[in-house]
Amino acid sequence: MKVVLPGGTGQVGAILDRALTAAGHEVTVLTRRPARAHDIAWDGTTLGPWAAAIDGCDVVINLAGRSVSCRYTAENLRAMMNSRIDSARVIGEAIAAAERPPRIWLQMSTATVYAHRFDAANDEATGVIGGSEHGVPDYWSYSVEIAKNWERAQSEAPTPATRKVALRAAMVMSPDRGGVFDVLSRLVRLGLGGPVAGGAQYVSWIHEEDFVRAVEFLIAHDDLDGPVNLSSPGPLPHRDFMRALRTAWGVPLGLPATRWMAELGAFALRSDTELLLKSRRVVPGRLGAAGFTFTFPEWEKAAASLVQRARLIRETSHAA
């Protein structure tokens, strides 16, 4: 297959680029800073020569958008919104103008679209869309609006010959440097991997191998379109999530953190506490119903696999 990855230089893009290339597919990455032979320059906003890569390809997987790992200031939230809407809009324009449009357009979205809740899991059919919860910071609703507008930009694009899927992805766990698993692992190894604000909030996640397999499954199944949750079937409370990660690293204890301590830590890391405190209890209803099976359905096994690979990466880098 010919696969185009707009915004494919981030963590998730690197995972897909690596896996799809290894599987023998021809991968092209659209990026603002092209540096490799299979990179093509684009600005994520306007049509340009890059659109020729869309014409005749089989699959587009749009991952473009400003990173959520930042302080949620008004300026950064606007940049998150605009970068996602603009990239989805212009990808739609490129597909609409193509003589040979791709047969499928996978558009990155986020499990953050669902409500902050503890009582039940959110699947695609019965899940509660967030934005009106009580007792949470007002700006959390903006993250939901970003997700809703992101998906709307794809769904409203006039691309009748191209099947469209919105990937409501949970946190993709990979041992790559700088990813969420790497950050959490560093905290664990420093003895800081305890529960945050009591740890009752749910963590939804997906192992990178299952993420790639789910993407390949969606490409192959022509009967699936619209929003699809890409999350393991085993979301769990933060306190249990961190306990399993500590066990995988062989670290017996982790200092707990209060809400205000989390605020200080997020400020120091130039991040935001929504990423830690929002209860994301998401399950893969449509994938399961379509027959997809997870290699890593439970976090304990996934954490052990990721830690093993992270140790190998560290040993290899030290040897070099």
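Quick caveat, the model's predicted, so the values are computed rather than measured.

Visitor: Is there a simple way to think about the sheet that holds strand S2 (residues 26–31) in this case?
Guide: The strands making up a sheet are joined through hydrogen bonds of the backbone, oriented either antiparallel or parallel. In spatial order, the strands read S3-S2-S1-S4-S5-S6-S10; together these seven strands make up an open sheet with parallel pairing. Two strands in the sheet have a free side with no partner beyond their single neighbour: strand S3 (39–41) and strand S10 (226–230). Sheet twist, expressed as the mean angle between neighbouring strand axes with direction ignored, is 25 degrees. As paired elements, strand S1 (residues 2–6) and S2 share five bridges and run parallel to each other. For Val-3, the partnering residue across the bridge sits in S2 and is Val-27. The sheet strands contacting helix H3 (residues 74–97) are S1, strand S4 (59–62) and strand S5 (104–108), and the helix crosses S5 at an angle near 175 degrees. Sheet strands touched by helix H4 (residues 140–155): S5, strand S6 (163–169) and S10. Its angle to S6, the strand with the most contacts, is close to 165 degrees.

Visitor: So what exactly am I meant to see when it comes to helix H5 (residues 180–189) here?
Guide: For H5, every residue scored as buried is listed here: Phe-181, Asp-182, Leu-184, Ser-185 and Val-188. Looking straight down H5, one finds that the buried residues subtend no more than 165 degrees of arc, so they occupy a single side. In the stretch just after H5, Gly-191 is the one whose phi turns positive, near 85 degrees.

Visitor: It is not clear to me how unusual backbone geometry should be interpreted in this structure. Could you clarify?
Guide: Most of the time, phi is negative for any residue but glycine, and the peptide bond is trans. One non-glycine residue, Ala-197, adopts positive backbone phi at about 55 degrees. You can see Ala-197 is positioned in the loop between H5 and strand S8 (202–203).

Visitor: For this particular structure, what's the right way to read the nonpolar core?
Guide: Across soluble globular proteins, you tend to see nonpolar side chains buried next to one another. The biggest cluster of nonpolar side chains holds 33 residues, and the ones touching the most others in it are Leu-16, Ile-61, Leu-106, Phe-211, Leu-218, Leu-230 and Leu-287. Those elements that place two or more of their residues in this core are S1, helix H1 (11–22), S2, S4, S5, S6, helix H6 (208–220) and S10. Ranked by residues supplied to this core, first place goes to H6 with seven residues. Apart from the residues lying within four places of it in its own chain, the contact partners of Ile-61 are Val-3, Val-4, Leu-5, Pro-6, Leu-16, Leu-20, Leu-106 and Val-215. Val-188, Leu-245, Phe-296 and Ala-303 belong to the second-largest nonpolar core, a separate cluster that totals 21 residues.

Visitor: Got a minute to help me understand a nonpolar patch on the surface in this structure?
Guide: A cluster of nonpolar side chains, Leu-190, Leu-192 and Leu-255, forms an exposed patch at the surface whose accessible area comes to about 320 Å². Note on placement: Leu-190 falls in the loop between H5 and S8.

Visitor: Before we go on, may I ask you to explain the packing of aromatic side chains in this structure?
Guide: Each aromatic ring pair is summarised here by two numbers: the centre-to-centre distance and the angle between the ring planes. Within this structure, the stated rule accounts for six aromatic pairs. Measuring from centroid to centroid gives 4.3 Å for Phe-241 and Trp-299, while their planes differ by 10 degrees, and the two rings are stacked. With Phe-241 in helix H7 (residues 238–249) and Trp-299 in helix H11 (residues 299–319), this pair connects stretches of sequence that are 58 residues apart. Measuring from centroid to centroid gives 4.9 Å for Phe-292 and Phe-294, while their planes differ by 90 degrees, and the two rings are edge-to-face.

Visitor: Looking at this model, I keep getting lost on the pairing of S6. Mind explaining?
Guide: One face of the sheet, then the other: side chains in a regular strand alternate in exactly this way. Extensive coverage of S6 is indicated by the burial of seven of its seven residues. Judged by which residues are buried, S6 turns out to be covered on both faces: Arg-163, Val-165, Leu-167 and Ala-169 on one side and Lys-164, Ala-166 and Arg-168 on the other are all buried. Here S5 runs beside S6; their pairing, made up of five bridges, is parallel. Note on S6: the bridge partner recorded for Leu-106 is Val-165. In the classification by handedness, the crossover that spans S5, the intervening H4 and the parallel S6 is right-handed. The pairing of S6 with S10 spans five bridges and is parallel. For Leu-167, the partnering residue across the bridge sits in S10 and is Val-228.

How each quantity is defined
- Residues numbered from 1 in each chain as written.
- Predicted model: local features only at pLDDT ≥ 70, side-chain atom pairs only at ≥ 80, totals over all residues.
- Heavy atoms only, no water.
- Pairing = 2+ DSSP bridges.
- Helix = DSSP H or I, 4+ residues; strand = E, 2+ residues; numbered from the N terminus.
- Axes fitted to C-alpha atoms, helices over the stretch in contact; angles between N-to-C directions.
- Contact = heavy atoms within 4.5 Å.
- Buried < 20%, exposed > 50% of the residue type's maximum accessible area, 1.4 Å probe, protein only.
- Arc of directions from axis to C-beta.
- Core = buried A, V, L, I, M, F, W, Y, C linked by side-chain atoms within 4.5 Å.
- Patch = residues over 30% accessible without salt bridge, like charges linked within 9 Å, V, L, I, M, F, W, Y side chains within 5 Å.
- Areas by Shrake-Rupley, 256 points an atom, 1.4 Å probe, with all protein chains shown as cover.
- Salt bridge = Lys/Arg side-chain N within 4 Å of Asp/Glu carboxyl O.
- Phe/Tyr/Trp six-rings, centres within 6.5 Å; stacked < 30°, edge-to-face > 60°.
- Right-handed = clockwise from strand over helix to strand, strands pointing away.

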